[in-house]
Amino acid sequence: MNEDPMTQMKFLLCCLVLAVLGCAGNPIHTYAADAPWPTIGPYGGDARRIAADPGNSKHLYLGTVSSWLYQSVDGGTSWKRLAKLSKDDNLVIDSIVVDAADPKTILVGAWVFNGTGGSLLISHDAGVTWAAAKDMEGQSVRGLSEAKSDSRVFVAGTLTGVYRSRDHGEHWSLISPEGSKELHEVESIAIDPAGPNTIFAGTWHLPWKTTDGGATWHTIKQGVIDDSDVFSIIVDPKEPATIYASACSGIYKSLDAGENFIKVQGIPATARRTRVLMQDPVNLNVVYAGTTEGLYQTTNAGGQWARLTGPDVVVNDVYIDPANPRHVLMATDRSGVLMSDDSGVTFHDSNDGFSQRQVQALLIDSRTPHMVYAGVLNDKNYGGVFVSGDDGTHWKQQSAGLGGLDVFSLAEAGDGTIFAGTNHGLFRWNGTVWERNGTITAVSTNQPKPEVNPGKHQTKLTSSKHGTSKQSATKHGEAAASIPAGPGAGLKSDNKPKKAAKAGPPMLIESRVNALALEGEVWFAATSAGLYESSDKGVTWQASTGQPVLLSAKTPEKPVTSKSHHSKAAIAIVPPPVPQPGVNYGFVGASGPVVYAASRLTIMRSEDGGATWQSLVPGTLTSVEAFAITPSGQLWIGGREGAFYSDDKGDTWQLLKGLPTAGISGLTYDPGQKRMLLTSWQSNLIFAIDTSDKTWKWWDGGWNIHQVKWLDGRLIGASRFDGVVMQPGGVGDAAAPAGR
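Conventions we followed
Residues numbered from 1 in each chain as written. Predicted model: local features only at pLDDT ≥ 70, side-chain atom pairs only at ≥ 80, totals over all residues. Heavy atoms only, no water. Helix = DSSP H or I, 4+ residues; strand = E, 2+ residues; numbered from the N terminus. Buried < 20%, exposed > 50% of the residue type's maximum accessible area, 1.4 Å probe, protein only. Contact = heavy atoms within 4.5 Å. Areas by Shrake-Rupley, 256 points an atom, 1.4 Å probe, with all protein chains shown as cover. Salt bridge = Lys/Arg side-chain N within 4 Å of Asp/Glu carboxyl O. Pairing = 2+ DSSP bridges. Axes fitted to C-alpha atoms, helices over the stretch in contact; angles between N-to-C directions. Phe/Tyr/Trp six-rings, centres within 6.5 Å; stacked < 30°, edge-to-face > 60°. Core = buried A, V, L, I, M, F, W, Y, C linked by side-chain atoms within 4.5 Å. pLDDT = per-residue confidence, 0-100. Polar contact = N/O pair within 3.5 Å; in protein donor to acceptor, adjacent residues only side chain to side chain.

1. Examining the overall build of the protein chain
Logical step 1: Within the protein chain one finds one helix and 67 strands.
Logical step 2: Relative to its 740 residues, the protein chain shows a buried fraction of 52%.
Logical step 3: The long-range share in the protein chain, meaning contacts at least 24 apart out of those at least 6 apart in sequence, stands at 48%.
Logical step 4: For the protein chain, the exposed area adds up to about 32500 Å²; of that, 53% sits on carbon and sulfur atoms.

2. Regarding the pattern of salt bridges
A pair can form between side chains of opposite charge whenever their charged atoms are brought close.
Logical step 1: Counted according to the given criterion, the structure contains 17 salt bridges.
Logical step 2: With its nearest N and O atoms 3.6 Å apart, the salt bridge here joins E510 to R436. Of this pair, E510 sits in the loop between β45 (502-503) and β46 (513-517) while R436 sits in strand β39 (residues 434-436); the two residues are 74 residues apart in sequence, bridging distant segments of the chain.
Logical step 3: E510 sits in the partly exposed class, given a relative accessible area of 46%.
Logical step 4: For E607, the salt bridge is made with K649, and the minimal N-O distance between the two is 3.0 Å.

3. Re the sheet that holds strand β5 (residues 68-72)
Logical step 1: With antiparallel pairing, the four strands of this open sheet are ordered in space as β3-β4-β5-β6. Each edge of the open sheet carries a strand with a single partner, namely β3 (47-53) and β6 (80-84). Going across the sheet, the axis of each strand differs from the next one's by a mean of 25°, ignoring polarity.
Logical step 2: In this sheet, β5 lies alongside strand β4 (residues 56-64) in antiparallel orientation, the contact comprising four bridges. Within the sheet, the bridge partner assigned to L60 lies in β5 and is S72.

4. A closer look at the packing of aromatic side chains
Logical step 1: Considering all chains together, one arrives at nine aromatic pairs under this definition.
Logical step 2: Their ring planes at 90° and their centres at 6.2 Å tell us that F524 and W613 sit as a pair that is edge-to-face. With F524 in strand β47 (residues 523-527) and W613 in the loop between β54 (603-606) and β55 (614-616), the pair connects residues that are 89 residues apart, well separated along the chain. Each member of the pair F524 and W613 is classed as buried.
Logical step 3: One aromatic cluster in this structure is built from F587, Y596 and F627.

5. Considerations on the nonpolar core
Logical step 1: Formed by 24 residues in total, the largest nonpolar core has its most connected members in W37, L62, W79, L329, I686, I705 and L715.
Logical step 2: In contact with I686, other than residues within four places in its own chain, are W37, L678, T679, K697, W698, W699, G701, I705, V708 and L715.
Logical step 3: Judged by nonpolar contacts, the second largest core, of 17 residues, contains A643, L678, F687 and I689.

6. A closer look at the confidence of the model for the protein chain
Logical step 1: Scored by pLDDT, the protein chain has a mean of 84; 80% of the residues are at 70 or more.
Logical step 2: Scored below 50 in pLDDT, residues 1-29 makes 32 contacts in the model with residues more than four places away or belonging to other chains.
Logical step 3: Low confidence marks residues 547-576, where pLDDT is under 50. Its contacts with residues over four positions away, or in another chain, come to 58 contacts.

7. Quick notes on the side chain of S409
Logical step 1: Along the chain, the position of S409 falls in strand β36 (residues 407-412).
Logical step 2: At 3.0 Å, the side chain of S409 forms a polar contact with the backbone oxygen of V513.
Logical step 3: Those residues in contact with S409 that sit more than four places away from it in its chain are A361, F419, A420, G421, V513, N514, A515 and L516.

8. Brief notes about the side chain of T422
Logical step 1: In this fold, T422 is placed in strand β37 (residues 418-422).
Logical step 2: By relative accessible area, T422 is classed as buried at 0%.
Logical step 3: A polar atom in the side chain of T422 sits 3.0 Å from the backbone nitrogen of H424.
Logical step 4: When residues no more than four places from it in sequence are discounted, the contact partners of T422 are L402, L405, D406, V407, F408, F427, S511, R512 and V513.

9. Here's the deal with unusual backbone geometry
Logical step 1: Going from G41 to P42, the amide bond is cis rather than trans, its omega being -5°.
Logical step 2: In this fold, P42 is placed in the loop between β1 (39-41) and β2 (44-45).
Logical step 3: Despite not being glycine, S343 has its phi angle at roughly 60°, a positive value.
Logical step 4: If you check the backbone angles, H370 has positive phi at about 70° while not being a glycine.

10. Side note on the environment of S145
Logical step 1: Structurally, S145 is set in strand β11 (residues 141-146).
Logical step 2: S145 sits in the buried class, given a relative accessible area of 14%.
Logical step 3: With 54 residues separating them in the primary sequence, S145 and I199 have C-alpha atoms 9.8 Å apart.
Logical step 4: Those residues in contact with S145 that lie beyond four places of it in its chain are V97, V153, F154, V155, I189 and I191.

11. A word on the sheet that holds strand β7 (residues 91-98)
Logical step 1: Spatially, four strands are ordered β7-β8-β9-β10 in an open sheet, and the strand pairing comes out antiparallel. Taken across any chain shown, the strands that pair with only one partner, and hence form the sheet edges, are β7 and β10 (131-132).

12. Considerations on the pairing of strand β16 (residues 199-203)
Logical step 1: Among the five residues of β16, five are classified as buried, and the element is accordingly described as predominantly covered.
Logical step 2: Of the two faces of β16, both are covered, the one formed by I199, A201 and T203 as well as the one formed by F200 and G202.
Logical step 3: Of the strand pairs in this sheet, strand β15 (residues 186-191) and β16 are connected by five bridges, and their pairing is antiparallel. What sits directly across from A190, in β16, is F200.
Logical step 4: The hairpin formed by β16 and strand β17 (residues 207-210) contains three residues between the paired strands, and L206 there has a positive phi angle of roughly 75°.

Printed below as a string of structure tokens:
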């Protein structure tokens, strides 16, 4: 299509940026906080660390598990993205310290999730720009602290050991024994407020102490259960001899600067993994313990403890406002930030602007304007399904009955009923609560295994120096070989009478439901354990096997062989192409009576509503990662090699040429605009492809989006870790630059 020169130049520059990013290394630097498409919720997710500006207790910073740093200027009531500290989404920001001498200087310690790398990053302009400390390059930073007696001194704990800086974090040196087999994997750091040379280090195996700035170290394990991971250490600011330490074995207190510990009583064994300890800065007898089973508090310096929240709250950090100690914040797994204004007696969500949800499924309600559903993963009771009735401006959790399950798919039936496919089965929304969908009808026919007819029509496998080949068997006057031409042709049983079909015991779909096709007389569910079908609107389901048909010659599956006792010749038996139980079907869709089901390696096609099936070859794709069907029956698939389409029901495929990205992660047909919406894991670009002439438009969404929908004149997308994102309002489709 024709383009103006400026549009051409903009597109080419965008492609050049993608190419450079794809070829570059993996340096740690920051990325713009203001992405082109705003995130709109649902709010919440994983929060790791909270830190305050020493001069303004309402100015807070919040670390996440996906490389993002947030800030709040109203004491945690609302949040805004400040900076992304890595181009990847796997940097865990577990330590944040604001320099007491210069609040514009922020130090962040981070580590790579499921990796051994990380970094220590510094900003001197309140988080606008960042740089990695060269001396800490690649270090997995797990703990970080500033000396109260000397603001120039910072100490960091890493998987390697203990590092110290004496110049506000610009330069660092190792102060624990190099190559030590004991003092490493440092999870927590504390510095004596009376002097910077006394440092406590909690490791994955007991705590350590130095009183001479790291020249010598000794373990302080007296009273601590052996092999305890020490998650947190705090030193009383007025009585430095009083120390609290938390470990996987419980909470410990020392009254002699750590030389001897006493195990604190009152925390149940199930909640002993105390991730953080925090002392009230005004009333030092009040200490909070954030555990994997809720928040605990003592008001008498550890004498007794009481749980303030439910056991489902996983606490990563606690912040107590020094200007108002009744104002308490928690950073949690799944539920984001929780706030209390009564010293922890009650808590409420405080996640406005904080969106770290992993959205797997999006559904636009066809009957209710402005309504959109989002299905999320990994958030248990705080996740499930969220619904918005105002184009994503506000969200409400609608997960009653799901029991904390992950939601992998959402679909709407013709009568408006909403279905959710989870990691453990299928659910139907009844208007108030999610109900498990109907039972599986298990049918056993008790049919004997067929054997090959040992008559004249056989195919013989012979060997030659050129390899194995098929040829006609002519010995004893046998006719030329042929493969039976119809379902069941050439096969016979052992002549035993077939028993009547008998229904097996009722059961529920327990596998992961990846996709649903709820059109027509027969519904289909693609699951991790095979394909299911329903003929009664989802009340009951049965495994979809259909009637076996023969594979075409181009199908890549290899034939298996069997020998008949009537002949020494090996007979080629071609396995029937039916949806196989146990196969992980990721996609299913229908266009009239034509139904498709796809796994990563193959596509099944039925042209009679699932009665019979044929196996297709997915072009040159090594793995099917995306799948969609247009109302006209045009079939689209995508994966690492790009996007392919078929106008003949999948018999042949054509590559969509000219697309400046591969690694296709999502394909969704937009019926209103009659186009295919495409996303890629290799870029932040979203493409809208005209399915007739294959021209396309594109947008830079600013996020890694894997599914896109069309809602009220704007595109809305499901991101990997940042919730739902939406095309900026008021611009609509006209804002999309032309492509190709």
